[in-house]
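# What the coordinates show
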Amino acid sequence: MRGGARRRLRLEVSVHAHATEDEGLILRSLEDALGISGDELTISRVSGSHGNPVTIIRAELSDERALEVLRGALRRMDPSERIALGRAVGDLMDDRGRIYLRLDKQSLVLGEVRIGREDPVRLVLSSSAGGRDAAELLEEALREAGG
């Protein structure tokens, strides 16, 4: 706590399941690889740009639970990916202080946590204390994970 005010940490996790993908497999991978249980998830269904069904799976986690999931994901990452992530923290932050991480969905389904760009599982880390605080929290979690 800084200055007596309690900071609020938030981690938003989201992933799109396309019509050709096994939604159940993606849900299990979120639980197995990231530790996010089904009761923490919200599911909505929309139509994609070509009219194909798309399922949006989201979790909004706060404070200690957010840190727990973030730390678990980082611990499961290969050390070289954690090092690369640590070097890129500033590049991952937007102008409002949110940090954007993208994990490879296909690797997650296989039980691996890897950085990915194509069709990712998106993690957005933010803090009520601002961007520098979110960056410090990520850097601290990376150190704890060994990166």
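### Re the sheet that holds strand E1 (residues 9-18)
The sheet built from 5 strands is open, its strands ordered E2-E3-E1-E5-E4 with antiparallel pairing. Two strands in the sheet have a free side with no partner beyond their single neighbour: strand E2 (41-47) and strand E4 (99-104). On average, each strand axis in the sheet is tilted by 20° relative to the strand beside it, whichever way the strands run. Here helix H2 (residues 63-76) sits on the sheet and contacts E1, strand E3 (53-62), E4 and strand E5 (120-127); the angle it forms with E3, its principal contact strand, is near 115°.

### Examining the pairing of E3
As judged from the 9 bridges shared by E1 and E3, these two strands associate in the antiparallel manner. Of the residues in E3, the one forming a bridge with His16 is Ile56. Both E2 and E3 contribute to a ladder of 7 bridges, which runs antiparallel. When the bridges of E3 are listed, Ser47 appears paired with Pro53.

What counts, and at which threshold
Residues numbered from 1 in each chain as written. Predicted model: local features only at pLDDT ≥ 70, side-chain atom pairs only at ≥ 80, totals over all residues. Heavy atoms only, no water. Pairing = 2+ DSSP bridges. Helix = DSSP H or I, 4+ residues; strand = E, 2+ residues; numbered from the N terminus. Axes fitted to C-alpha atoms, helices over the stretch in contact; angles between N-to-C directions. Contact = heavy atoms within 4.5 Å.

Interpretation in functional terms is not warranted from these geometric data alone.
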